[in-house]
Amino acid sequence: MQVLDAVAVATGTGEARWWFGMLAEIKASSADTGGQFTVVEVTCPPGYQGIRHIHHNEDEGFWVLDGQLDLEVDGKHTVMHTGDYAFGPRNVPHGFSAGDAGCRMLFILTPGGFENLIMATSQPAETRTTPPPSDEMPDFARLKTILAKFGGEILV
């Protein structure tokens with residue numbers, strides 16, 4: 001059995017990335033947890049609309065730390081508020097949109113490794129804020145290829 005070192009990540013620390021219009025702060029990586037899970041704190045701007053997608057390798061938990069979001073898992077919508085938690089199993093389509101004030105939440109993914117997809121599809125955050133708005137459309141063909149390498153699928 002692998003013996004891991006204790007890890008503590010303070011508020012405002014962790015790898016900060018601008019990722020699909022959100023701020024993603026990697027709080028626990030696969031390396032930190034012996035491959036067991038990944039935890040990412042995500043901050044979404046007001047009215048943010050996520051891309052509907054599927055994880056084929058990970059189950060995902062959603063824990064709202066602040067704000068409100070509409071989570072859609074397999075066609076079922078759940079309005080979530082601060083303190084609420086929901087589970088999205090692997091191989092099930094899901095997406096979300098943030099409320100009028102935006103939201104901050106934890107993505108908890110098992111097994112670990114999801115941080116590798118984030119690193120491949122993001123850029124280092126210049127500040128610990130959501131990125132500036134952009135009119136530039138993502139290159140969906142490129143993203144689909146990258147996500148497929150990590151067991152993901154965009155549904156657009």
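To keep things clear, this report deals only with the structure shown in the data block.

Cut-offs used in this document
Residues numbered from 1 in each chain as written. Predicted model: local features only at pLDDT ≥ 70, side-chain atom pairs only at ≥ 80, totals over all residues. Heavy atoms only, no water. Patch = residues over 30% accessible without salt bridge, like charges linked within 9 Å, V, L, I, M, F, W, Y side chains within 5 Å. Areas by Shrake-Rupley, 256 points an atom, 1.4 Å probe, with all protein chains shown as cover. Salt bridge = Lys/Arg side-chain N within 4 Å of Asp/Glu carboxyl O. Helix = DSSP H or I, 4+ residues; strand = E, 2+ residues; numbered from the N terminus. Buried < 20%, exposed > 50% of the residue type's maximum accessible area, 1.4 Å probe, protein only. Pairing = 2+ DSSP bridges. Core = buried A, V, L, I, M, F, W, Y, C linked by side-chain atoms within 4.5 Å. Contact = heavy atoms within 4.5 Å.

## Examining a nonpolar patch on the surface
Working step 1: Taken together, Trp 63, Tyr 85 and Phe 87 make up a surface patch of nonpolar side chains, about 350 Å² in accessible area.
Working step 2: Along the chain, Phe 87 falls in strand S7 (residues 85-88).
Working step 3: We classify Phe 87 as partly exposed; its relative accessible area is 46%.

## Points about the pattern of salt bridges
Working step 1: Within this structure, the stated rule accounts for six salt bridges.
Working step 2: A salt bridge links Arg 17 to Glu 15; the shortest N-O distance between them is 3.4 Å.
Working step 3: A relative accessible area of 37% means that Glu 15 is categorised as partly exposed.
Working step 4: Between Glu 41 and Arg 104 there is a salt bridge, with its nearest N and O atoms 2.9 Å apart.

## Digging into the pairing of strand S6 (residues 76-81)
Working step 1: In the sheet, strand S5 (residues 59-73) pairs with S6 via six bridges, with the strands oriented antiparallel. Pairing of Asp 70 across the sheet is with Val 79, part of S6.
Working step 2: Taken together, S5 and the strand that follows it, S6, pair antiparallel across an intervening segment of two residues, in which Asp 74 is found at a positive phi of about 55 degrees.

## Things to note about the nonpolar core
Working step 1: Within the largest apolar cluster, 28 residues are counted, with the highest numbers of intra-cluster contacts made by Trp 19, Cys 44, Leu 69, Leu 71, Phe 96, Met 105 and Phe 107.
Working step 2: Secondary-structure elements contributing two or more residues to this core are strand S2 (22-28), strand S3 (38-44), S5, strand S8 (94-110), helix H1 (114-120) and helix H2 (140-149).
Working step 3: The greatest single-element share of this core, amounting to six residues, is contributed by S8.
Working step 4: Discounting residues that sit within four places of it in the chain, Leu 69 has contacts with Val 64, Thr 78, Val 79, Met 80, Phe 96, Ser 97, Ala 98, Gly 99, Cys 103 and Met 105.

By themselves, these observations are geometric and do not establish any function.
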